[in-house]
Amino acid sequence: MAAFVPPPGAPRPNNNSNTPPPPPPNYNAQRYPDSLSDNMQNLNLNRQQQPPIMPNAAPRPSPFGQPPPFPGASAPYSRPGPPSARPAAPPQGTFPPGTAAVRPTGPPPGQSSPFGSRPPPPGSFPPGVAPTPAPASSPFQRTGMPSGQVSMPPAPSSGPGPFSGGQAVPPTGAPGRMSNGPPAFGSGAVPGGPRFPPPGNLSQPLVGPPPPPTSVAPPRTPTMHSVLGGPTPPGSIAQQAPPFSSGPQGMRPPPPGSPYSPQSWPMQQGQVPPPPQFPGSAPPPQYPGSSPPPQYPGSAQPPRMYGMPPQPLPNQSMTTISSAGSQTGTPVGSSKIDPNQIPRPGPSSSVLLHETRQGNQANPPPPATSDYIVRDNGNCSPRYMRCTINQIPCTADFLTTSGMPLALLVEPFALTHPSEEPIQVVDFGESGPVRCSRCKGYINPFMKFIDQGRQFICNLCGFTDETPRDYHCNLGPDGRRRDADDRPELCRGTVEFVASKEYMVRDPMPAVYFFLIDVSMNAIQTGATAAACSAIHQVIADLPEGPRTMVGIATFDSTIHFYSLKRVEQPLMLIVPDVQDVYTPLETDVVVQLSKCRQHLEDLLGRIPTMFQTSKTAESAFGAAIKAAFLAIKSTGGKLLVFQSVLPSTGIGALSAREAEGRANISSTEKEPNKLLQPVDKTLKTLAIEFAEYQVCVDLFITTQSYMDIASISVIPRTTGGQVYYYYPFSAVTDPAKLYNDLRWNVTRPQGFEAVMRVRCSQGIQVQEYFGNFCKRIPTDVDLPGIDCDKTIMVTLKHDDKLQDGSECSFQCAVLYTTLYGQRRIRVITLSLPCTSMLSNLFRAADLDTQFSCYMKQATNEITSSPLVRVREQMTNLCISSLLSYRKFCATVSSSGQLILPEALKLLPLYTLALIKSTGLRTDGKIDERSFWINHVFSLSVPLAVPLVYPRMVAVHNLDIKKDGDESPIPPVIPLSSEHVSDDGIYLLENGEDCLIYIGSLVDSGTLQQLFGVNTADELPTQFVLQQHDNSLSKKLNDVVNEIRRQRCSYLRMKLCKKGDPSGAFFLSHLVEDQSPHGPSYVEFLVHVHRQIQIKMAS
Ligand SMILES: [Zn+2]
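This section reports on the structure supplied with the text. (Residues numbered from 1 in each chain as written. Predicted model: local features only at pLDDT ≥ 70, side-chain atom pairs only at ≥ 80, totals over all residues. Heavy atoms only, no water.)

Things to note about the sheet that holds strand S13 (residues 455-457)
(1) Moving on: If you trace the 3 strands from one edge of the open sheet to the other, you get S12-S13-S14, paired in antiparallel fashion. The two strands at the open ends of the sheet, each matched to only one other strand, are strand S12 (448-450) and strand S14 (464-466). Within this sheet the neighbouring strands show an average axis-to-axis angle of 30 degrees, counted without direction.
(2) Moving on: Where S12 and S13 come together, 3 bridges link them in antiparallel fashion. Pairing of Ile450 across the sheet is with Gln455, part of S13. (Pairing = 2+ DSSP bridges. Helix = DSSP H or I, 4+ residues; strand = E, 2+ residues; numbered from the N terminus. Axes fitted to C-alpha atoms, helices over the stretch in contact; angles between N-to-C directions.)

Set out below in structure tokens:
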């Protein structure tokens, strides 16, 4: 074909495919005979006459000769093991009673399901890559480390871990007797409990050691085995339980308009939602054989009307809100809107079973924020990929008319529910997976086999291809291949292929971790350095086992200090003083197999804080340090984990405290783009692109008490598939536990290295843009030096042709990646949705959580380049335009006095209001907080998008009151309005990042005593650490916090807020339904939206 699109994995245009793969790293390549000085502690590494040559120094375009269009691989790597005390996972197939009722019945007993007939997992993979050669001896002289002055913290395993139930002793100087609560998950026999400030029993996600890599000879013929779950070959991990647990998710924001939730609203104060039902208490799930299709949201339910009697509309569910019987253009009196009748998230529903297809039709997924169990029967799980609309508009004009966005939100490594079937791994041997020879799309359940199975028609490009001879199979009477149900690639929406040699230009990279720690005066004095060293020390035990795991470490202030870890005796410090033109010591000395240097590394980490204890160096050569660390690992690629505490002030990439300029100019920041939210220049971006080319992923842990210019430095993680963690203002009392937990999750969560991702669409639709944390060098692919379960990529779509009504449109995301254990995989995620030319279908198929997530990402993209007022206006207009379209073309209610909302989008105004009032779209916060927020949203997953702006609030003063039948420790959510916050109450509010505990002014001292061990709120320290006291109320509060951390996969930062002081005002500013300086009340906003719709209807 003329327009040949290079397959993912095919040579990139700018890459010479004939270039031989880079040779394996040569550890003996260079020596620097003259580069050592004899200084003990400050061994200056002077620049060589000839710069050190790093093996494979030439930028490697991509690990694959060709950009694999598909990124893919799931990592069975380090997936956290289930917390020991975690609630039992629902048995597969078990549903809550309520769920089963609406589900189709399963096949008669004895009838085999496609799952039952699958061959057992072979369980073996191609042998891993050979261990890297042992590094040659270092040319550097060794210098003894200062000894005797460092008091090493107790070995990690000896102290109470945040996860272990032991009593923790607060660090000296800690104000309190508060600890972070009970061991979250059981008594942890977790290796490496935190040894650094154990604030008590920290509740923490438990993560088990990664399963050992599996090794097996690749079958010649396609075979498959399960990567995770179920019959799981040892060592597979791909789907793992959420790090922090896995039980049913408690009270997630109720699925708006979901057919799954019995009652979506109105929720009144004091009203107790029906107890959520959890798996385990229900009959086993029954799977449909040929049962009736499930009901779709909005499709079959009676319309819910507010303020008026229900008016059944065929195929439409909607919400109407009566306001004054105003004329068009007349302000609607807000007094006419009953605050108790406006749409709000309902109580969470029980766990739902979601079948991705039924009756050969796509089944719209439950809301992303709900708790569900997926059964993949053709379409991918919505956890991996979901579309803003579950039907695809036939034309671009039609999409425009709807006012809705068309985009995919892809989270290729998303955590799954423990009851879900693991992703199947398929090995086609040396020939690799079957693909369309024109578009290079991967074989999937929607490729249609014809001509007795000899040919197949690609569902992406329409091309008719020959079936490879050894893949031929006859068709059954239903036109499907007879083996379709036995082959995961023909019956599952998500599969993983073992990559053949053609997908590699070199051996899959080893797991390389390089730690870079700020030891400038501020970092030392605030305890940030000690916290970082402690966290790393504890996490070493969680790094993947095996000869392919390499580590390195360096510290920096105004110079960079590497450490040679391969010495038999003490580590040697190697100083790089030149921070303008950086070089690095011999790689083989500073990046060493973990198994060969573990003790040295641990000793060193114990000494670093004291080694620099008396340092007066305030400057930070951050840019030079990351460049030098990059040079140390560029021959392999790997993860660079940076702990940074002060603004980079010297050397390459130095920044100025430009925040000061902005402060004087606050009033103008709403009228023009805020430059402080943009990177100051291209220096760091250029560096980041180079990092990405060499597969180096950078994560930044910012432990600071001052301005850091996150807008500039976050470019590095964003471009390399990394992440920013922000601890501001850093507290040596409360933050080390979070730092440790964040780091641990970072290295143990499901992830992949050196990945490339591409999304393909059926003819008529094409990818417009990718949005997320990656590097893009060619239009069709995104490069992901690192990809993990917390990263989501938005893919916006556009029409390039008309689609046929009634046909289906497919989307396929392929991710080629390397597992932690050095296996090359291609994860392929396929979704096929119906096309429609009926507007009412589009509204019925609208996915609110996904659309809103899309709007948030769009807003973050605008904030840095548009005036804030315009961004807020734009977000409001996006909300209005879809509601207007619905009002104009779908609603049958004619009264202009009613605001009519499509059922599926009835919470859009509330979420839009919340977005307008969010940290990123406000000017009262610190510029770094806004930059962090923006950066966070960039890769934020759909389930976490809504809570970030519309947090969950619950009352905790009355947790003791028994709720019958409710197994979730989290009480019912309360609307975010101050009228629901009483002075004699204590409330917890969390958004997935922060957890605020608010204490009213009239709280009973007995309650305070039980929860916090004090008689008045005044006695509580500012630096608050939640502790568990010996009473049931305190225990329940700790249970709530632990459950939230588990659900969010985040060790939330706790903040104590008291009525009457600034912290109280801070808490109240999160009540987005209230009128505030940042925006109108919810009722006022609805009135505004309604009025705008009326005006537009009349014009
Ligand atoms: Zn094709």
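So, the coordination of the zinc ion
(1) Moving on: At this site the zinc ion is bound by Cys436 (SG), Cys439 (SG), Cys458 (SG) and Cys461 (SG), with donor distances of 2.2 to 2.3 Å.
(2) Moving on: Here the zinc ion binds 4 donor atoms, and the angle range of 101 to 116 degrees at the metal identifies the geometry as tetrahedral.
(3) Moving on: In primary-sequence terms, the residues that donate to the zinc ion follow C-x2-C-x18-C-x2-C. Taken together, the residues Cys436 in the loop between strand S11 (424-427) and S12 and Cys461 in the loop between S13 and S14 connect sequence positions 25 residues apart.
(4) Moving on: When its relative accessible area of 8% is taken as the criterion, Cys461 is described as buried. (Donors = N, O, S within 2.8 Å, 3.2 Å for Na, K, Ca; no water. Tetrahedral: all angles 85-135°; square planar, octahedral: opposite > 155°, others 65-115°. Buried < 20%, exposed > 50% of the residue type's maximum accessible area, 1.4 Å probe, protein only.)

Concerning the sheet that holds strand S27 (residues 793-799)
(1) Moving on: Across the sheet, 4 strands lie side by side as S8-S10-S27-S25; this open sheet has antiparallel pairing. At either end of the open sheet lies a strand with only one pairing partner, and these are strand S8 (385-387) and strand S25 (765-771). Sheet twist, expressed as the average angle between the axes of neighbouring strands with direction ignored, equals 25 degrees.
(2) Moving on: Where strand S10 (residues 407-410) meets S27, 4 bridges bridge the pair, whose relative direction is antiparallel. Bridge assignment links Val410 to a residue of S27, and that residue is Ile793.

Describing unusual backbone geometry
(1) Moving on: Across the junction of Tyr728 and Pro729, the peptide omega takes the value -15 degrees, indicating a cis bond.
(2) Moving on: Residue position: Pro729 is located in the loop between strand S23 (724-727) and helix H13 (735-748).
(3) Moving on: Of note, Asp709 is a non-glycine position whose phi angle comes to about 55 degrees, a positive value.
(4) Moving on: Note on placement: Asp709 falls in the loop between strand S22 (696-703) and helix H11 (710-713).
(5) Moving on: Owing to a relative accessible area of 1%, Asp709 belongs among the buried residues under this scheme.

Side note on the packing of helix H5 (residues 528-539) against helix H7 (residues 594-611)
Helix packing geometry: the angle between the two helix axes and the distance between the axes.
(1) Moving on: It is the contact of H5 with H7, at a shortest axis distance of 8 Å, that shows an interaxial angle of 170 degrees. Compared by their axis directions, H5 and H7 come out roughly antiparallel. Contact residues: H5 offers Thr529, Ala530, Cys533, Ile536 and His537, while H7 offers Glu602, Leu605, Ile608 and Pro609.
(2) Moving on: Classifying every residue of the contact of H5 with H7 by side-chain character gives 6 nonpolar, 2 polar and 1 charged. (Parallel < 35°, antiparallel > 145°, perpendicular 65-115°, else oblique. Contact = heavy atoms within 4.5 Å. Nonpolar A, V, L, I, M, F, W, Y, C, P; charged D, E, K, R; others polar.)

Let's talk about the packing of aromatic side chains
One pair of aromatic rings is described through two measures. These are the centre distance and the angle between the planes.
(1) Moving on: Throughout the structure, instances matching the rule amount to 19 aromatic pairs.
(2) Moving on: Aromatic pair Phe428 and Tyr471: ring centres 5.4 Å apart, planes at 55 degrees, arrangement tilted. Placement of the pair is Phe428 in the loop between S11 and S12 and Tyr471 in the loop between S14 and helix H3 (488-491), with a sequence separation of 43 residues.
(3) Moving on: According to the relative accessible area criterion, Phe428 is buried, its value standing at 4%.
(4) Moving on: Arranged with centres 5.5 Å apart and planes meeting at 40 degrees, the rings of Phe449 and Phe456 form a pair that is tilted.
(5) Moving on: Take Phe449: its relative accessible area is 6%, and that puts it in the buried class.
(6) Moving on: Residue class for Phe456 comes out buried when judged on its relative accessible area of 1%.
(7) Moving on: Of the aromatic side chains, those joined through ring pairs into one cluster are Phe428, Tyr442, Tyr471 and Phe497.
(8) Moving on: Against the face of Tyr372 rests Arg383, its NZ or CZ located 4.2 Å from the ring centre. (Phe/Tyr/Trp six-rings, centres within 6.5 Å; stacked < 30°, edge-to-face > 60°. Lys NZ or Arg CZ within 6 Å of the ring centre and 35° of its normal.)

Re the packing of helix H8 (residues 622-633) against helix H10 (residues 683-693)
(1) Moving on: Where H8 meets H10, the closest approach of the two axes is 11 Å, and the angle between their N-to-C directions is 15 degrees. Here H10 runs roughly parallel to H8, going by the angle between their axes. The element H8 and its partner H10 pack so that their crossing is left-handed. Residue-level contacts link Gly623, Ile626, Lys627 and Phe630 of H8 to Leu687, Glu690 and Phe691 of H10.
(2) Moving on: The class makeup of the residues in the contact of H8 with H10 is 4 nonpolar, 1 polar and 2 charged. (Left-handed = near helix turned anticlockwise from the far one by under 90°.)

Considerations on the environment of Met385
(1) Moving on: Relative to the helices and strands, Met385 resides in strand S8.
(2) Moving on: With 29 residues separating them along the chain, Met385 and Ala414 place their C-alpha atoms 9.2 Å apart.
(3) Moving on: Here Met385 is in contact with Cys380, Leu408, Leu409, Val410, Phe811, Cys813, Ile829, Thr830 and Leu831, once residues within four sequence places are set aside.

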